[in-house]
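Residue strings, one per chain:
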Amino acid sequence: MKKSTSEKNSFAKDCYELLRRVPQGYVTTYKDLALALNSKAFRAVGQIMKKNPYAPEVPCHRVVCSNGNLGGFVHGKEAKKKLLEKEGLSFQKEKILNFDKHKFLFPIQKKN
DNA sequence: TATTTGACCAAGA
DNA sequence: ATCTTGGCCAAAT
């Protein structure tokens, strides 16, 4: 079964769509984003964020590593940490405290 | 078209 | 607990 031509560019697009749904005070991970797209392109997700941070429309600062580590950020990790702290998250060095507690799961996510 | 690159991940030592 | 290693996949070069 061949994929339709229209869903060729869907990866990056869907990425932003999903990320845009993440509310303040919550975070998601590169892994979960990829899995939500039925893919394992964990790294590609990060690449996309770096290249096309569609600016404040998409909260790229709410995307972190699945192990609770802060992850990366174009404007520097410290800026990212500050933003998340403002949204109510707390940190231990580079790790997020109560990580899974603030982790946002997408409506149609495969079983954890 | 082929190769390299990463804001990653999970398992080993 | 930290560090290394191999793998993974879309995008850029």
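Residues numbered from 1 in each chain as written. Chains lettered and ligands numbered in written order. Predicted model: local features only at pLDDT ≥ 70, side-chain atom pairs only at ≥ 80, totals over all residues. Heavy atoms only, no water.

Things to note about the environment of E78
Step number 1: Among the structural elements, E78 can be located in helix α4 (residues 77-86).
Step number 2: Residues E78 and E94, 16 residues apart in the sequence, show an inter-C-alpha distance of 9.3 Å. (Helix = DSSP H or I, 4+ residues; strand = E, 2+ residues; numbered from the N terminus.)

A few points about the nonpolar core
Step number 1: Residues L19, L33, V45, M49 and F106 are the most contacted members of the largest nonpolar core, which totals 17 residues.
Step number 2: Listed by contribution, the elements that provide at least two residues to this core are α1 (10-20), α2 (30-36) and α3 (42-51).
Step number 3: Element by element, the count of residues in this core is highest for α1, at 4 residues.
Step number 4: In contact with L33, other than residues within four places in its own chain, are C15, L18, L19, T28, V45, V63 and F106.
Step number 5: In terms of nonpolar packing, the next biggest core, distinct from the first, is built from 8 residues, V27, L70, L89 and F91 among them. (Core = buried A, V, L, I, M, F, W, Y, C linked by side-chain atoms within 4.5 Å. Buried < 20%, exposed > 50% of the residue type's maximum accessible area, 1.4 Å probe, protein only. Contact = heavy atoms within 4.5 Å.)

A short note on the confidence of the model for chain A
Step number 1: Mean pLDDT over chain A stands at 87; residues scoring 70 or higher make up 88%.
Step number 2: Across residues 2-6 the pLDDT falls below 50, and counting only partners more than four positions away or on other chains, this stretch makes 0 contacts in the model. (pLDDT = per-residue confidence, 0-100.)

Let's talk about the side chain of K80
Step number 1: Note on placement: K80 falls in helix α4.
Step number 2: For the buried K80, which has no salt bridge, the nearest side chain bearing the opposite charge is E94, at an N-O separation of 9.0 Å.
Step number 3: From its side chain, K80 meets the backbone oxygen of L70 in a polar contact 3.1 Å long.
Step number 4: The residues contacting K80, other than those within four sequence positions of it, are Y30, C60, H61, V63, V64, L70, G71, G72 and F73. (Lys, Arg positive; Asp, Glu negative; His and termini not counted. Salt bridge = Lys/Arg side-chain N within 4 Å of Asp/Glu carboxyl O. Polar contact = N/O pair within 3.5 Å; in protein donor to acceptor, adjacent residues only side chain to side chain.)

Comments concerning the environment of L18
Step number 1: Structurally, L18 is set in helix α1.
Step number 2: C-alpha separation for the pair L18 and L37, spaced 19 residues apart in sequence, amounts to 9.1 Å.
Step number 3: In contact with L18, other than residues within four places in its own chain, are L33, A36, L37 and F106.

Description of the protein's contact with DNA strand B
Step number 1: Near DNA strand B lie 15 residues; those nearest to it are Y30, K31, R43, K50 and S66.
Step number 2: Counted by atom, the contact set of DNA strand B within 4 Å of the protein is 49% sugar and phosphate.
Step number 3: Between DNA strand B and Y30, the relevant distance is 2.8 Å, taken from a base nitrogen to a side-chain nitrogen or oxygen of the residue.
Step number 4: The separation between a phosphate oxygen of DNA strand B and a polar side-chain atom of K50 is 3.2 Å. (Near = heavy atom within 4 Å.)

A look at the protein's contact with DNA strand C
Step number 1: Around DNA strand C, the neighbouring residues are F11, A12, K40, A41, R43, A44 and K51.
Step number 2: Of all DNA strand C atoms lying within 4 Å of any protein atom, the proportion belonging to sugar or phosphate reaches 67%.
Step number 3: The side chain of R43 places a nitrogen or oxygen atom 3.0 Å from a base nitrogen of DNA strand C.
Step number 4: Per-element accounting of the surface near DNA strand C gives the leading share, 3 residues, to α3.
Step number 5: Among the residues making up the surface near DNA strand C, the classes are represented as 4 nonpolar, no polar and 3 charged. (Nonpolar A, V, L, I, M, F, W, Y, C, P; charged D, E, K, R; others polar.)

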